[in-house]
Amino acid sequence: MNKSFLHWPGGKSRLLTYILSHLDGHHILIEPFAGSGVVFLNGNNPQKKVADINPDLINLFQTLQNKGQAFIDECEKLFIEEDNKEKYYSNRKLFNSTKNKEEKSALFVYLNRHCYNGLWRYNANGEFNVAYRGDPKETLRQVNFPRDEIEQFCQLTKNVEFFCCSFEKMFEMADENCVIYADPPYVPMNSTSNFTGYSKEGFGKESQKTLADHVRNAPCRVVVSNRDTEFIREIYSGMKMIELSVQRNISCKGDKRLKDKELLIVKEKYNE
Ligand SMILES: C[S@@+](CC[C@H](N)C(=O)[O-])C[C@H]1O[C@@H](n2cnc3c(N)ncnc32)[C@H](O)[C@@H]1O
């Protein structure tokens, strides 16, 4: 498996082989919710169109595509000195204020590796606000720079087209030669728990319904991941649903691991 250099909530590494088996054999892969990129990094599709609503994430992918090795060398410098809480918060402040796109991309990689529990979250003002990774009482191990994974990302994404937009625009690009893999923020397990706030816009029930309508009307096969809930079963009713069970370690307490039930929804090219 080609690993991503990013830690991302909801990453699909554990279900990858299974998801990819539903995407093979189509010329163009459209992935509107890219996240860490682990799905498109492993897909065999000759052409790939990839998007995310997070401008900082897409800026990072495009910086890597355009600047390659020079950017990677600059980025590594942030990992060399000894890491501590003060350095983390000063880099977080710089990330939220800088207008320099390359600097912001390098800080993204640093923060992603040093933040609490691999979370990526913005406040209502659009500022990244995740706390430092460590419990102050623990001795923390130095974080290694993920050089091999970043270099591999550059190799594998030379021809990928990146877009910063909401998912609706990516569905408009689809034709019958495409397959779409949609991995949106999941519906929460209950009203008080579970992270869904990747962006300041959020992704509530209305967004889930709009996505389901786009899936239903798409001119190609669409594969969707989401949590197995009554609401999800209702909005995707009539489509094929495959039940999966997966261990997740994003939860309220970092050391707690949850066994979660998921669905893989498959809508074939022509409506049955
Ligand atoms: C579950 S994650 C995707 C994880 C990814 N498949 C992986 O393996 O790392 C959902 C992603 O959707 C993005 N997102 C949230 N709302 C969106 C929208 N309206 N349109 C496109 N992307 C959106 C988030 O920024 C986040 O990266």
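Residues numbered from 1 in each chain as written. Predicted model: local features only at pLDDT ≥ 70, side-chain atom pairs only at ≥ 80, totals over all residues. Heavy atoms only, no water.

## Observations concerning the site of the ligand
In the vicinity of the ligand there are 20 residues, among which Lys 12, Ser 36, Asp 52, Ser 166 and Asp 183 approach most closely. Here a nitrogen atom of the ligand sits 3.3 Å away from a polar atom, N or O, in the main chain of Ile 53. Residue Phe 167 places a main-chain N or O atom 3.1 Å away from a nitrogen atom belonging to the ligand. Alone, the ligand offers 610 Å² of accessible surface; in the complex the protein occludes 98% of this. When the residues that make up the shell around the ligand are grouped by side-chain class, the tally is 12 nonpolar, 5 polar and 3 charged. (Near = heavy atom within 4 Å. Polar contact = N/O pair within 3.5 Å; in protein donor to acceptor, adjacent residues only side chain to side chain. Areas by Shrake-Rupley, 256 points an atom, 1.4 Å probe, with all protein chains shown as cover. Nonpolar A, V, L, I, M, F, W, Y, C, P; charged D, E, K, R; others polar.)

## Comments concerning the pattern of salt bridges
Enumeration according to the criterion identifies 12 salt bridges in this entry. In this structure, the salt-bridge partner of Lys 49 is Glu 161, at a minimum N-O distance of 3.5 Å. In this pair, Lys 49 sits in strand E2 (residues 47-52) while Glu 161 sits in strand E3 (residues 161-164), placing the two residues 112 residues apart along the sequence. With relative accessibility at 15%, the residue Lys 49 sits in the buried group. In this structure, the salt-bridge partner of Lys 209 is Glu 206, at a minimum N-O distance of 3.6 Å. A residue pair is termed a helical-turn pair when its members lie 3 or 4 positions apart in one helix, as Lys 209 and Glu 206 do in helix H8 (residues 205-217) at 3 residues. By relative accessible area, Lys 209 is classed as partly exposed at 35%. Because the salt bridges share partners, they merge into one network encompassing Asp 73, Glu 76, Arg 147 and Glu 151. (Salt bridge = Lys/Arg side-chain N within 4 Å of Asp/Glu carboxyl O. Helix = DSSP H or I, 4+ residues; strand = E, 2+ residues; numbered from the N terminus. Buried < 20%, exposed > 50% of the residue type's maximum accessible area, 1.4 Å probe, protein only.)

## Some words on the environment of Leu 23
Relative to the elements of secondary structure, Leu 23 occurs in the loop between helix H1 (16-21) and strand E1 (28-31). The buried category is assigned to Leu 23, whose relative accessible area is 0%. For the pair formed by Leu 23 and Cys 178, sequence separation is 155 residues and the distance between their alpha carbons is 9.3 Å. Apart from residues no more than four positions distant in its own chain, Leu 23 is found in contact with Leu 29, Val 39, Asn 45, Val 179, Tyr 181 and Val 223. (Contact = heavy atoms within 4.5 Å.)

## Remarks on the pairing of strand E5 (residues 221-227)
Within a regular beta strand, the side chains point alternately toward one face of the sheet and then the other, so they alternate between its two faces. Most of E5 is tucked away: 7 of the 7 residues are buried. With 4 bridges connecting them, strand E4 (residues 178-182) and E5 associate as parallel partners. Of the residues in E5, the one forming a bridge with Ala 182 is Val 224. (Pairing = 2+ DSSP bridges.)

## A few points about unusual backbone geometry
The phi torsion at Asn 117 lies on the positive side, around 60°, for a residue other than glycine. Taking the relative accessible area as the measure of exposure, Asn 117 reaches 26% and is therefore partly exposed.

## A few points about the packing of helix H4 (residues 85-97) against helix H5 (residues 101-114)
Across the interface, H4 lies against H5 with an axial gap of 9 Å and an inter-helix angle of 140°. On the basis of their axis angle, the class for H4 and H5 is oblique. Of the two possible hands of crossing, H4 and H5 adopt the one that is left-handed. In this structure, H4 uses Lys 87, Tyr 88, Asn 91, Arg 92, Leu 94, Phe 95 and Asn 96 to contact H5, whose residues at the interface are Glu 103, Lys 104, Leu 107, Phe 108, Tyr 110, Leu 111 and His 114. Counted by class, the contact of H4 with H5 contains 7 nonpolar, 3 polar and 4 charged residues. (Axes fitted to C-alpha atoms, helices over the stretch in contact; angles between N-to-C directions. Parallel < 35°, antiparallel > 145°, perpendicular 65-115°, else oblique. Left-handed = near helix turned anticlockwise from the far one by under 90°.)

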